[in-house]
Amino acid sequence: MKRIALIGMPNAGKSTLFNRMSGGSAKVANWPGVTVDLLSSKLLLDGGMVEIVDLPGIYDLHGFSDDEQVVRHFLANNTVDLVLMVVNASQIDRQLSLTLQLKSLNMPAVILLNMADEAKKSGISIDTEKISVELGYSTLLLSAKYGQGYSEAYNAIEATLRTSKARPARALEQDFAVDKAMETELDNLVKHSVDFPAQIGSTMTEKIDSVALHPVFGLPLFFGFMFVIFQAVYTIGGPLQEGMAWLFETFRDLALVPLLSGLPALLNGFLIGGVFDGLATVASFVPIVIVFFLFMAFVEDSGYLSRAAFLMDSLMSRMGLDGRSFVMLLMGFGCNVPALMGTRTMRSRGLRLLTMLVIPFSLCSARLQVFVFMTTALFSPQHAPIVLFSLYIMTFVVVILTALLFKGHFNSQEPFALELPPYRLPTYRQMLFRGWHEVAVFIKRATKFITIGVVMVWVLTNMPYGVEPASASSWSGIIGEFMSPVLSPAGINPELTIALIFGFVAKEIVIGALAVIYGLEGSALMTGIADQIDWVQAYSFMLFTLIYTPCLSTIATIRTEAKSGWFTTVSLVWPLTLAWVVSAGFYQAARFLGY
Amino acid sequence: MKIIQRLSEMQVGQTATIQAFHVDTAFKYRLNGLGLRVGKKLEVIRHAPFDGPYQLRIGSTELMLRKRDAHMIEVLM
């Protein structure tokens with residue numbers, strides 16, 4: 001099978017293009033010589049299947065960051081039949097430098113000048129014919145985002161694949177001497193084929209920046225903006241969650257219970273009180289996660305995240321981190337795993353490890369489900385969103401504390417430069433794509449971790465045979481009692497203890513586990529829990545859930561990214577210790593004050 | 001009158017031409033990739049609060065650069 005590699009600079013719209021081409025059917029896979037997973041997909045071109053691989057965005061083939069090494073190692077160890085060189089058309093004056101490097105390697109390629117719509121709007125006109133002739137590569141304008149220019153691009157790709165000779169797996173020659181000549185070549189090429197307007201840059205972006213990056217109002221605006229988003233997620237997602245819970249409840253009472261009534265009591269209890277209640281409770285929170293990711297997709301694609309990095313860099317540098325670390329923390333609000341992988345652009349190991357140490361404190365969407373559940377059950381509708389926001393603030397508090405404590409061990413002098421792209425509006429298609437992606441992730445996690453988790457919780461709460469479920473004599477009760485000297489100072493009872501233990505695997509299991517342990521579902525579960533614990537215990541439990549050891553996937557990612565058993569141990573033990581200290585401290589202080 | 005100085009000494013709104021880089025090879029590649037090359041014109045658009053990074057415009061690209069790193073770039077005003 002022929003192989004196409006996607007190469008381009010960060011912010012060239014490479015992922016959008018890849019998503020369009022693969023139609024969302026991408027798979028992660030291992031590649032010879034490359035230690036990280038890359039996305040790839042199969043495509044029907046010219047009557048045959050072709051494999052297309054998305055390589056990380058890089059600035060320079062000689063660069064020293066992990067991402068740049070991944071691309072180098074990939075090219076050294078894998079045959080490539082064609083490179084799709086993705087270039088942001090409105091930044092063609094600098095992004096073509098990477099194309100020239102590929103040309104010097106005699107790489108068979110097609111140049112796709114992406115974001116053609118944006119370039120046209122800012123008055124940039126490009127003579128693709130001229131570039132094609134000068135470089136000897138088919139060069140086409142295209143808009144990955146709005147789906148324009150694809151058929152021409154496919155034609156060019158097919159034509160080139162038919163005639164070009166594959167570049168065999170071979171190490172890249174590092175010829176630094178050609179750099180100077182290349183600069184001249186780039187300047188000439190741009191001068192001959194591109195017409196830039198006198199004033200480049202979007203006036204819209206300038207206007208937004210003058211507010212968003214205001215020296216006094218910039219930061220307050222950022223935090224205000226975040227508060228509004230979280231409030232919106234809660235306001236929109238809350239009723240959706242209740243609706244889903246009601247649907248599951250109705251299905252259970254009207255269909256499942258009568259259908260399974262003939263089964264022996266234990267099997268019936270296992271299927272309804274274990275598997276169904278557990279999974280349904282977790283699934284009812286998926287709409288909140290989707291709403292959250294729709295907002296997240298909007299913020300990520302808008303270009304505002306790098307503005308946040310600009311505003312926060314000074315503060316972050318005092319903690320031994322930088323603006324990128326802050327962006328990764330924000331990305332971690334979605335899921336910690338891609339945020340951890342995002343640190344690959346950092347070269348300094350100290351900076352990268354310190355960032356990886358604090359990312360797991362980011363209140364990810366799985367923890368959000370637990371907190372929405374707990375705050376809705378224990379707090380009034382007026383107070384719940386504020387309590388939830390206080391937990392986001394807690395993320396930053398523990399991040400600052402951890403960074404300050406550990407920055408001496410993870411020293412970094414890494415210079416820092418980051419692009420500030422123009423503001424953009426994502427398309428509905430991009431947002432829907434993202435929403436669907438999250439449902440797919442949930443289904444994958446549900447079939448893997450969550451089902452096994454709730455089944456195990458059911459077994460623990462219902463065994464040995466004949467025991468009162470979740471009572472002191474059940475296995476879960478015994479474990480809970482055993483742990484109680486450690487966790488009761490934090491106000492965490494034996495039932496919550498079992499939920500926490502399974503939350504180590506995946507945070508979604510926590511609510512599923514509570515459903516199984518209390519033998520309730522939907523609104524009855526919330527009332528049931530509110531009868532058992534008060535708000536001080538609930539908040540202490542939430543603090544513990546926020547801070548303690550992140551899920552199994554996060555730990556696995558830390559291990560593969562850091563390639564250090566020692567560091568993985570630290571990122572297991574430190575959060576666990578901190579979680580206990582903070583929760584117990586809060587619980588004891590609140591009780592002392594008479595709450 | 002033309003004077004050579006450090007990028008970190010430029011005021012907001014000023015433009016200058018890049019003269020030389022006193023940075024390590026790796027960072028030079030990164031800066032080159034972002035469009036910063038000797039002979040290119042850049043403009044200082046903004047300076048972040050609390051002595052934070054500079055916002056620069058160079059060609060079609062806007063980027064941020066810390067003061068410490070801006071000090072390593074020589075410019076001609």
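Note that the structure is a prediction, hence the values are computed from the model and not measured.

## Thoughts on the environment of A:Val80
Residue and element names in this part refer to chain A. Inspection of the secondary structure puts Val-80 in the loop between helix 2 (66-77) and strand 5 (82-88). Note on Val-80: relative accessible area 1%, which makes it buried. Once the C-alpha coordinates of Val-80 and Ile-52 are considered, the two residues, 28 residues apart in sequence, prove to be 9.9 Å apart. Here Val-80 is in contact with Arg-3, Ala-5, Phe-74, Leu-75, Pro-108, Ala-166 and Arg-167, once residues within four sequence places are set aside.

## Side note on the nonpolar core
In terms of nonpolar packing, the biggest core is built from 122 residues, with A:Phe292, A:Leu330, A:Phe333, A:Leu368, A:Phe373, A:Met374 and A:Leu514 touching the most fellow members. Counting residues per element, this core draws most heavily on helix 17 (residues 384-406) of chain A, at 12 residues. For A:Leu514, the contacting residues outside a window of four places in its chain are A:Phe373, A:Met374, A:Leu496, A:Ala499, A:Gly519, A:Leu525 and A:Ile529. Grouped together as the second largest cluster of nonpolar side chains are 61 residues, A:Phe74, A:Leu113, A:Ile131 and B:Leu63 included.

## Observations concerning the packing of helix 15 (residues 349-358) of chain A against helix 17 of chain A
Residues and elements named next belong to chain A. One way to put it is that helix 15 packs onto helix 17 with a least axis distance of 9 Å and a crossing angle of 145 degrees. Judged by the sense of rotation from one axis to the other, the crossing of helix 15 with helix 17 is right-handed. For the pair helix 15 and helix 17, contact is made by Leu-354, Leu-357 and Val-358 and by Val-399, Thr-402, Ala-403 and Phe-406, respectively. Here the residues of the contact of helix 15 with helix 17 are counted per class, giving 6 nonpolar, 1 polar and no charged.

## A few points about the pairing of strand 6 (residues 109-114) of chain A
Residues and elements named next belong to chain A. For strand 6, a buried count of 6 out of 6 residues is recorded, marking the element as mostly surrounded by other parts of the structure. Burial of strand 6 is two-sided: the residues Ala-109, Ile-111 and Leu-113 facing one way and the residues Val-110, Leu-112 and Asn-114 facing the other way are all buried. Bridge count for strand 5 against strand 6 is 6 bridges, and the pairing is parallel. Paired with Asn-88 across the two strands is Asn-114, which belongs to strand 6. Traced from strand 5 through helix 3 (residues 92-104) to strand 6, the parallel crossover comes out right-handed.

## Section: the domain arrangement of chain A
All names here are of chain A. Partitioning chain A into domains gives domain 1 (2-195) and domain 2 (221-414 + 428-592). Computed from C-alpha atoms alone, the centre-to-centre distance between domain 1 and domain 2 is 39 Å. Listed by partner, the interface residues are 11 residues for domain 1 and 9 residues for domain 2. In this structure, the salt-bridge partner of Arg-352 is Asp-66, at a minimum N-O distance of 2.6 Å. Our count for the domain 1 to domain 2 interface comes out at 2 residue pairs in polar contact (both at pLDDT 80 or more). Mapped onto the side of domain 1 that touches domain 2, the elements with two or more residues apiece are helix 1 (14-22), strand 3 (34-45) and helix 2. Residue contributions to the side of domain 1 that touches domain 2 peak at 3 residues, all from helix 1. Tallied by class, residues from the side of domain 1 that touches domain 2 come to 2 nonpolar, 5 polar and 4 charged.

## A short note on the pairing of strand 4 (residues 54-58) of chain B
All names here are of chain B. Counting buried positions along strand 4 gives 5 out of 5 residues, so the element sits mostly inside the fold. Here strand 4 shows a buried face lined by Tyr-54, Leu-56 and Ile-58 and a second buried face lined by Gln-55 and Arg-57. Bridge count for strand 3 (residues 41-47) against strand 4 is 4 bridges, and the pairing is antiparallel. Note on strand 4: the bridge partner recorded for Val-44 is Leu-56. Here strand 3 folds back onto strand 4, and the loop between the two strands holds 6 residues, one of which, Phe-50, carries a positive phi near 60 degrees. Direction of pairing for strand 4 relative to strand 5 (residues 61-65): antiparallel, over a ladder of 5 bridges.

## A short note on the packing of aromatic side chains
Residue and element names in this part refer to chain A. A full pass over the atoms with the stated rule returns 25 aromatic pairs over all chains. Between Tyr-150 and Tyr-154, the ring centres sit 6.4 Å apart and the planes meet at 40 degrees, which makes this aromatic pair tilted. Of this pair, Tyr-150 and Tyr-154 are both found in helix 6 (residues 150-163), 4 residues apart, which corresponds to roughly one turn of the helix. Classification of Tyr-154 as partly exposed rests on a relative accessible area of 22%. On the basis of an interplanar angle of 85 degrees and a centroid distance of 5.4 Å, the ring pair of Phe-292 and Phe-293 is categorised as edge-to-face. Under the relative-accessibility criterion, Phe-292 is labelled buried at 3%. When its relative accessible area of 3% is taken as the criterion, Phe-293 is described as buried. One cation-aromatic arrangement involves Arg-307 over Tyr-423; the distance from NZ or CZ to the ring centre is 4.2 Å.

Conventions and cut-offs
- Residues numbered from 1 in each chain as written.
- Chains lettered and ligands numbered in written order.
- Predicted model: local features only at pLDDT ≥ 70, side-chain atom pairs only at ≥ 80, totals over all residues.
- Heavy atoms only, no water.
- Helix = DSSP H or I, 4+ residues; strand = E, 2+ residues; numbered from the N terminus.
- Buried < 20%, exposed > 50% of the residue type's maximum accessible area, 1.4 Å probe, protein only.
- Contact = heavy atoms within 4.5 Å.
- Core = buried A, V, L, I, M, F, W, Y, C linked by side-chain atoms within 4.5 Å.
- Axes fitted to C-alpha atoms, helices over the stretch in contact; angles between N-to-C directions.
- Left-handed = near helix turned anticlockwise from the far one by under 90°.
- Nonpolar A, V, L, I, M, F, W, Y, C, P; charged D, E, K, R; others polar.
- Pairing = 2+ DSSP bridges.
- Right-handed = clockwise from strand over helix to strand, strands pointing away.
- Domains from an automatic or database assignment.
- Salt bridge = Lys/Arg side-chain N within 4 Å of Asp/Glu carboxyl O.
- Polar contact = N/O pair within 3.5 Å; in protein donor to acceptor, adjacent residues only side chain to side chain.
- Phe/Tyr/Trp six-rings, centres within 6.5 Å; stacked < 30°, edge-to-face > 60°.
- Lys NZ or Arg CZ within 6 Å of the ring centre and 35° of its normal.

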